[in-house]
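# Structural features, examined
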Amino acid sequence: MQQKGVHWFPGHMQKAMRQIKEKVDLIDVVVEVVDARCPISSKNKYLEDLTNNKPRVIVFSKKDLSSLQELKPFISYYKNKGYYCVICNLNNSGDINLIKKAICEKGKVITEKYIRRRMKPQPIRAMIIGIPNVGKSTLINRLTKSSSTSVANTPGHTKSQQWIKVDNLLELLDTPGILPPVYDNKISAIHLALIGSMKIENIPEFLLAEYLATILIRDYPNNLKERFDLEETDLIYPSSVFLGIARKRGLLIKQGEYDINKAELLLLKEFKEGLIVRLVLDKYVEL
Ligand SMILES: Nc1nc2c(ncn2[C@@H]2O[C@H](COP(=O)(O)OP(=O)(O)O)[C@@H](O)[C@H]2O)c(=O)[nH]1
Ligand SMILES: [Mg+2]
């Protein structure tokens, strides 16, 4: 793998940021969705500068695949930076209500401004933003499913924007802001590949599997053992883990020859689906 240094900031990132900036200008509250397994790697740090004068909410999605205990230090970290943090399973309607509340709470400063100027408060306008696969569309659908009435067209700089009314207090931009993932550090790129947030062509799957197996052997040996019904002696090296998985799951190239490649892919797949362990991968990233 190649570490890209200071020259990595590519044209597509600049373009995406320009498009986001146009939308940010139209809204009151920025709602960034971040995967709760990767609270650092799945956040685009270049967004900070674009939104630092706006009230901001971070939605940590997929809490059902993460560890609340391990997430705690990251929540404190972002709270200290002034973010309102909500940890959720986007498939849980109670959690969707918490997000709605958080946006309205953060948007209160805007409403109060109207009231101070003796104007009729307008609904808070928010936008959902985030890297691919974190749950942006799911969140928009869940927030607007009972009231999917488009309210207005606001001319933007390039094209008009459609607003969807969530309720009397809140309107949402109908399309999410899609941020390119940031790959300027190798570990973050690996973590994003492990949660399936991005297909990263230049990280071979066997390397991902080896990285994952190393973490699991060291920090979660019992989860690994239980999931694949492994023996203690399988939990020594990544290679012995893969062999154990192939043996237990009957993965064979031909009679008497185990299919290690299939075992690696199976480990990656079951991890991604949260079947092996719930954890915060980014605890291995420096804050
Ligand atoms: N387990 C789990 N899956 C989720 C959650 N939120 C979203 N997903 C799934 O993650 C995948 C990507 O979601 P999507 O909304 O399309 O992400 P987007 O690319 O950011 O719009 C879909 O398969 C969703 O069902 C969550 O809280 N928990
Ligand atoms: Mg989407």
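Residues numbered from 1 in each chain as written. Chains lettered and ligands numbered in written order. Predicted model: local features only at pLDDT ≥ 70, side-chain atom pairs only at ≥ 80, totals over all residues.

Here we take up the overall build of the chain. Counting secondary structure elements, the chain contains 10 helices and 10 strands. C-alpha extents for the chain along the principal axes are approximately 80 × 40 × 35 Å. Buried residues in the chain amount to 36% of all 287 residues. A separation threshold of at least 6 residues defines the contact pool for the chain, and within that pool the share at least 24 residues apart is 66%. (Helix = DSSP H or I, 4+ residues; strand = E, 2+ residues; numbered from the N terminus. Buried ≥ 20, exposed ≤ 12 C-beta atoms within 10 Å, placed from the backbone. Contact = placed C-beta atoms within 7 Å.)

Attention shifts here to the site of ligand 1. Not every one of the 15 residues close to ligand 1 is listed here, only the nearest: L90, G135, K136, S137 and T138. In terms of residue count, helix α5 (residues 136-144) provides more of the shell around ligand 1 than any other element does, three residues in total. Residues that form the shell around ligand 1 fall into these classes: four nonpolar, eight polar and three charged. (Near = placed C-beta within 6 Å. Nonpolar A, V, L, I, M, F, W, Y, C, P; charged D, E, K, R; others polar.)

Our next topic: the domain arrangement of the chain. Parsing the chain into structural domains produces domain 1 (11-178) and domain 2 (204-284). The distance between the C-alpha centroids of domain 1 and domain 2 comes to 36 Å. (Domains from an automatic or database assignment.)

In this structure, V31, V59, F60, V86, I103, A126 and L172 are the most contacted members of the largest nonpolar core, which totals 67 residues. Both of domain 1 (11-178) and domain 2 (204-284) provide at least three residues apiece to this core. With sequence-adjacent residues up to four places away left out, V86 is seen in contact with V57, V59, F60, L98, I99 and A102. (Core = buried A, V, L, I, M, F, W, Y, C linked by C-beta atoms within 7 Å.)

With that out of the way, let us pick up unusual backbone geometry. Trans is the common state for peptide bonds, and a negative phi is the common state for residues other than glycine. At K62, a position not held by glycine, the phi torsion is positive, near 60°. Within the element layout of this structure, K62 appears in the loop between β2 (56-61) and α3 (68-80). Classification of K62 as buried rests on a count of 25 C-beta atoms within 10 Å. In this structure, D229 takes a positive phi of about 55° despite not being glycine. When you line up the elements, D229 lands in the loop between α8 (221-228) and α9 (238-249). On the neighbour-count criterion, D229 (12 C-beta atoms within 10 Å) is exposed.

Counting buried positions along strand β4 (residues 124-130) yields seven of seven residues, so the element is predominantly enclosed. Alternating residues of β4 divide into I124, A126, I128 and G130 and R125, M127 and I129, and every residue in both groups is buried. Bridge count between strand β1 (residues 29-35) and β4: four bridges; the pairing is parallel. Among the inter-strand pairings, V31 is bridged to a residue of β4, identified as I128. (Pairing = 2+ DSSP bridges.)

All right, on to helix α4 (residues 93-116) then. Its 24 residues give α4 an end-to-end C-alpha distance of 34 Å, which sits within 8% of 34 Å, the value for a rise of 1.5 Å per residue. Its maximal kink placed at G107, α4 deviates by approximately 45°. For α4, the complete set of buried residues consists of D95, I96, I99, A102, I103, K106 and G107. Residues of α4 that are buried make contact with β1, β2, β3 (84-87), β4, α5 and β7 (170-173). (Expected span 1.5 Å × (residues − 1). Bend = angle between axes of the 7 residues up to and from the residue.)

Along helix α6 (residues 186-194), seven of the nine residues are buried, which leaves the element largely enclosed by surrounding structure. Taken residue by residue, α6 has S188, A189, I190, H191, L192, A193 and L194 as its buried positions. Contact partners of the buried residues in α6: α7 (205-219) and α10 (260-272). Remark: G196 follows α6 within two positions and exhibits a positive phi of approximately 80°.

This part covers the packing of α7 against α10. Look at α7 against α10: their axes get within 9 Å of each other, and the N-to-C directions meet at 65°. As for the relative orientation of α7 and α10, their crossing is left-handed in sense. In this structure, α7 uses E205, F206, L208, A209, L212 and A213 to contact α10, whose residues at the interface are E264, L265, L267, L268 and F271. Looking at the contact of α7 with α10 residue by residue, the class counts come to nine nonpolar, no polar and two charged. (Axes fitted to C-alpha atoms, helices over the stretch in contact; angles between N-to-C directions. Left-handed = near helix turned anticlockwise from the far one by under 90°.)

Moving on: the environment of N261. As for its position among the elements, N261 is in helix α10. Classification of N261 as partly exposed rests on a count of 15 C-beta atoms within 10 Å. Measuring from C-alpha to C-alpha, the distance between N261 and F242 comes to 8.3 Å, with 19 residues separating the pair along the chain.

Where β2 meets β3, four bridges bridge the pair, whose relative direction is parallel. When the sheet's bridge partners are listed, V57 is paired in β3 with Y84. Viewed along the sheet, the connection from β2 through α3 into β3 turns out right-handed. (Right-handed = clockwise from strand over helix to strand, strands pointing away.)

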